[in-house]
Amino acid sequence: MVARAGRGERRIVLLAHYDSAKTFFLYHPRRVRGFRRTFLIHAVLATSLPLLVVWIPILARAAGVFFLMQAALLLHRERTAPYVNGANDNATGVAVAVQLFLEEAPRLPPGVELWVVLTGAEEVGARGARALLADLPPPAQTLVLNIDNVGQGQLYYAEAEGMLRLYRYAGPLVPAARSLEGAAPLRYRLAYFDTLPLTRAGYPCLTLIRLEGGVPPHWHWPTDTPDNVDVRAVDDTLAYARALLRSVLSPPSSP
């Protein structure tokens, strides 16, 4: 879903994904902190498999059995596992993005266009955000503020993300976030955001997220329900996002 207000060459995109995910044993609260480690193990095995076939065939067969087991587990998950409610991930981000759009749309300065974009398919490779690339203006005219998992925990502003390569965010949102109180800086390595395909394409991005112990609370687990959302955390995120947006909308002061 895309809504726009204002008109001008300068565009600010408020981004949040609105989809859910099926639970899996890797997301159990006792295991979820190792999510990236599991991903890296799979990546190393997958990339080394051709070499193992040539040099150590017995290990290649073992790796093949391992991946077949993983495929069976994932198939079982798709057939039997329930979808989580998705209250924190990411109805909270949608609520903040939509409310911020409704507040700021009537008071935009001249030359600024404000978008709110709610994507789907984030959980299967940020496909919604990748599709959005075809409709976005050039990076030089666009800023992207992404809001993800903000219903509980400490507020962070991600300056970079990437499970393998680290992609650093650029643009005025990063120094603006550093100048505000209420959020801590973060390099997010646990998974990815909707911003990943956008920052790869050169768009200036920033993501707001709340974490507990380094992970989003109730991440992809059946407990991700409205009862486990702290409304004050959502309100505080909205206040921070509002201050952040207004700081980049304000015209530079005269010397």
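Note on numbering: residues in each chain are counted from 1, in written sequence order. Whole-chain, interface and lining totals are the exception, using all residues; otherwise, since this is a predicted model, local features are given only for residues with pLDDT of at least 70 and side-chain atom pairs are given and counted only at 80 or more. Note that water and hydrogens are dropped before the side-chain values are worked out from all heavy atoms of the structure.

Q: How should the environment of Arg187 be read in this particular structure?
A: Following the sequence through the fold, Arg187 ends up in strand β7 (residues 184-188). C-alpha separation for the pair Arg187 and Thr119, spaced 68 residues apart in sequence, amounts to 23 Å. Contacts were defined at the residue level, with two residues in contact if any of their heavy atoms lie within 4.5 Å. Look past the residues within four positions of Arg187 in its chain and what remains in contact with it is Ala160, Leu166 and Arg168. Each helix corresponds to a stretch of at least 4 residues labelled H or I by DSSP, and each strand to a stretch of at least 2 residues labelled E; elements are numbered beginning at the N terminus.

Q: Whenever I open this one, the pattern of salt bridges confuses me. Can you help?
A: Where charged atoms from two side chains of opposite charge approach closely, those side chains can pair. By salt bridge we mean one thing: a side-chain nitrogen of Lys or Arg within 4 Å of a carboxyl oxygen of Asp or Glu. Per the counting criterion, the structure on display carries 7 salt bridges. We note a salt bridge from Glu104 to Arg246, for which the minimum N-O separation is 2.9 Å. Of this pair, Glu104 sits in helix α3 (residues 87-104) while Arg246 sits in helix α7 (residues 231-249), and the two are 142 residues apart along the sequence. For every residue, the accessible area (1.4 Å probe, protein chains only) is compared with the maximum for its type, and the residue is labelled buried under 20%, exposed over 50%, or partly exposed between those bounds. Taking relative accessible area as the criterion, Arg246 reaches 32% and is therefore assigned partly exposed.

Q: Would you explain the layout of surface pockets in this entry?
A: Gaps left between atoms are located by rolling a probe of water-molecule size over the structure's atoms. Within this model, the largest pocket holds a volume of roughly 880 Å³. Taken together, 36 residues form the lining of the largest pocket, with Tyr27, Phe35, Phe39, Glu123 and Tyr192 sitting closest to its centre. Broken down by secondary-structure element, the contributors of at least two residues to the lining of the largest pocket are α1 (35-55), α2 (57-80) and α6 (195-200). Asp, Glu, Lys and Arg are counted as charged, while Ala, Val, Leu, Ile, Met, Phe, Trp, Tyr, Cys and Pro are counted as nonpolar; the rest, among them Gly, fall into the polar class. Of the residues contributing to the lining of the largest pocket, the split by class is 18 nonpolar, 9 polar and 9 charged. Lining residues are those with an atom within 4 Å of a point, where the points come from a 1 Å grid over the protein atoms alone and group into cavities, where a 1.4 Å probe fits but cannot get out, or pockets, open sets with protein on both sides within 12 Å along at least five of seven lines. Grid points are joined across faces, edges and corners, and a volume is the space filled by probe spheres set on the points.

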